[in-house]
Amino acid sequence: MFRSLRTQLSLSIFVLLLMIIALISIFANLFINREFDDYVQRQNEARSAAIVDDVSSQYDTVSGEWNEDALHTIGMYSLYNGYLIKVYDTQSTLLWDAENHDTTLCSQIMSEITYRMEAVQKSGGFLSHSFPLLSGETQIGSVTISYFTPFFYTDNDNRFLDGLNTAIIVIGLVSAALSVLLGWVLARRITRPISQAAQSARHIANGDYDTRIANQPGTRELDQLVESVNSLAAKLEEQEALRKRMINDVAHELRTPLTSVGLHLEAMIDGLWEATPDRLRSCHEELVRLGDLVKDIQQLASMEGDHSALHLKDENLLKLARTAGGSLSAQANAKGLSLIAQGDDTIARVDGERIQQVLINLISNAIKFTPQGGHIRVETEDGKMFSVIRVSDDGIGVEPEKLPFIFERFYRADESRDRHTGGSGIGLTIVRSIVKAHGGTIDVESTPGKGSAFTVRIPK
Ligand code: ADP
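Here is what the cut-offs are and how they apply
- Residues numbered from 1 in each chain as written.
- Predicted model: local features only at pLDDT ≥ 70, side-chain atom pairs only at ≥ 80, totals over all residues.
- Heavy atoms only, no water.
- Core = buried A, V, L, I, M, F, W, Y, C linked by side-chain atoms within 4.5 Å.
- Buried < 20%, exposed > 50% of the residue type's maximum accessible area, 1.4 Å probe, protein only.
- Helix = DSSP H or I, 4+ residues; strand = E, 2+ residues; numbered from the N terminus.
- Contact = heavy atoms within 4.5 Å.
- Phe/Tyr/Trp six-rings, centres within 6.5 Å; stacked < 30°, edge-to-face > 60°.
- Lys NZ or Arg CZ within 6 Å of the ring centre and 35° of its normal.
- Patch = residues over 30% accessible without salt bridge, like charges linked within 9 Å, V, L, I, M, F, W, Y side chains within 5 Å.
- Areas by Shrake-Rupley, 256 points an atom, 1.4 Å probe, with all protein chains shown as cover.
- Salt bridge = Lys/Arg side-chain N within 4 Å of Asp/Glu carboxyl O.
- Pairing = 2+ DSSP bridges.
- Axes fitted to C-alpha atoms, helices over the stretch in contact; angles between N-to-C directions.
- Expected span 1.5 Å × (residues − 1).
- Bend = angle between axes of the 7 residues up to and from the residue.
- Parallel < 35°, antiparallel > 145°, perpendicular 65-115°, else oblique.
- Left-handed = near helix turned anticlockwise from the far one by under 90°.
- Nonpolar A, V, L, I, M, F, W, Y, C, P; charged D, E, K, R; others polar.

## With respect to the nonpolar core
In this structure, Leu359, Leu362 and Ile363 are the most contacted members of the largest nonpolar core, which totals 46 residues. At seven residues, the largest contribution of residues to this core is made by helix 9 (residues 352-368). Apart from the residues within four sequence positions on either side, Ile363 is in contact with Ala324, Gly325, Leu328, Leu339, Val378 and Val391. Membership of the second largest hydrophobic core comes to 25 residues, among which are Leu95, Ile145, Tyr147 and Phe148.

The structure is reproduced here in structure tokens:
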């Protein structure tokens, strides 16, 4: 059985508060009881002293007589307050005794006190203390005071303790109610953005990429959650758009050559055109170009789709440049171009095969767009933060207004000529993807008629 986060949070807060309240009441009770017992003990002692004083003052020093009426009043008054007194004169003759005086009332009061003390779970018993009665320095008799020891609560005392406990219970109940309310509000604040995020994730899973969570919860972790879900949706939306554009571009690129080959073949089949070797060769060339284009597209797709596919190793970029130059030197020679690779030994953590691809694409472009007798240089530089590769030529260059677009997919600066050179317009797009996957940058400087220079920087 799964309980909702809200129920669990509310329950935890509720239980925690109940525990705190219980602990507070236990400690308060213990502390107050102890203090209160001390207070009652002191009260008893003070009362005894007052009784001794009162009784002493009933002796007439002139006549040597006791005021028996007053003794009776004091005795009765003390009895009602839980103090049983016996007064003796100097000859130990009993002058006044609560028990003798009214046995029933006396035992009734005693059992009442015992009962009251048992009700508050205080054990003890009646104990007698004898005090001398003094008039000045001379002893005039003695008084025995019995009371419930170690102490006893009067009715007032009990009412005070009861009130205190009621207050604690009321505070407990109010806090419990508040804790439920607080838990509910707090849990709501936390769970709302979480359920919203869960709901958004479900929408995203269903392909609904334009969902966004609008409100900020105002709690750091929850804000991060909301932000993550939103950025996930944005990323997926972007990817989806990219995929759609890619499919459109590819379909558009394939349609023209396919139609042209199709029309040529149809004309030959229908007998409108004779199938001369020249015509068949041109169809074949077109098909080879299509094959190359498909290969390029595949490579681009694998690069743009999955950056983690890089196999990183420490590589000497000068070495890579020389290998790439070597593999294209025949092509350069055939066109009467000089091709040199030189510069610093610079080590960077790269996918060697991919960087090789970057070099080959850049050098092939330089060969393609540099007329006979031109020069191509591949240079490496060992910078502090970056390893730098520069491929430059003194070829036809690119017009400034076209320069920002040359890295775009299927972009060719000069449609008619580039179709002739066999370019697909995808080479630089692949280069940029690979460089970006390595966390690097690529820049281009170009002057029409003077040449171009492509600079790749790979972070170390
Ligand atoms: P392509 O397969 O057509 O070479 P790229 O993506 O490699 O496609 O290049 C895009 C366009 O950029 C080219 O069609 C060309 O017009 C221009 N370009 C690329 N490299 C050079 C260069 N070294 N010199 C002049 N123009 C270039």
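## Considering the packing of aromatic side chains
Geometrically, a pair of aromatic rings is defined through the distance of the ring centres and the angle of the planes. Within this structure, the stated rule accounts for three aromatic pairs. Ring centres of Phe405 and Tyr411 lie 5.8 Å apart, and the angle between their planes is 45°; this geometry places the pair in the tilted category. Assessed through its relative accessible area of 25%, Tyr411 is described here as partly exposed. When the ring centre of Trp273 is taken as origin, the NZ or CZ atom of Arg279, which lies over that ring, is 4.5 Å away.

## As for helix 11 (residues 427-437)
Structurally, the α-helix is built with 3.6 residues per turn, so residues lying three or four positions apart point the same way. Extensive coverage of helix 11 is indicated by the burial of eight of its 11 residues. The set of residues buried in helix 11 consists of Leu428, Thr429, Ile430, Val431, Ser433, Ile434, Val435 and Ala437. Downstream of helix 11 by one or two residues, Gly439 has phi in the positive range, about 80°.

## With respect to a nonpolar patch on the surface
On the surface, Val170, Val174, Leu178, Leu181, Trp184 and Val185 cluster together into a nonpolar patch covering about 570 Å² of accessible area. Residue position: Val170 is located in helix 5 (residues 155-205).

## Observations concerning the sheet that holds strand 11 (residues 386-393)
Taken in spatial order, the five strands of this open sheet run 8-10-11-13-12, and their pairing is mixed. The open sheet terminates on both sides in strands that have one partner only, identified here as strand 8 (338-343) and strand 12 (441-447). When strand polarity is set aside, the average angle formed by the axes of neighbouring strands in this sheet is 10°. In terms of strand pairing, strand 10 (residues 375-382) meets strand 11 through seven bridges, oriented antiparallel. Bridge assignment links Arg377 to a residue of strand 11, and that residue is Ser392. Here helix 8 (residues 317-334) sits on the sheet in contact with strand 8, strand 10 and strand 11, set at roughly 175° to strand 8.

## Describing helix 6 (residues 220-269)
The end-to-end C-alpha distance of helix 6 is 71 Å, a good match for the 74 Å that 50 residues give at a rise of 1.5 Å each. The largest bend along helix 6 reaches roughly 25° and is located at Arg255, with the proline Pro257 sitting one to four residues downstream. Positive backbone phi, at 80°, marks Gly271, one or two positions downstream of helix 6.

## Focus on the packing of helix 8 against helix 9
Here helix 8 crosses helix 9 at 40°, and the two axes come no closer than 9 Å. Taken as axis vectors, helix 8 and helix 9 run oblique relative to one another. Here helix 8 runs over helix 9; the crossing is right-handed. Taking contact as the criterion, the partners of Leu317, Leu320, Ala321, Thr323, Ala324, Gly325, Ser327, Leu328, Gln331 and Ala332 in helix 8 are, on helix 9, Gly352, Ile355, Gln356, Leu359, Ile360, Ile363, Ser364 and Ile367. Grouping the amino acids of the contact of helix 8 with helix 9 by side-chain chemistry returns 11 nonpolar, seven polar and no charged.

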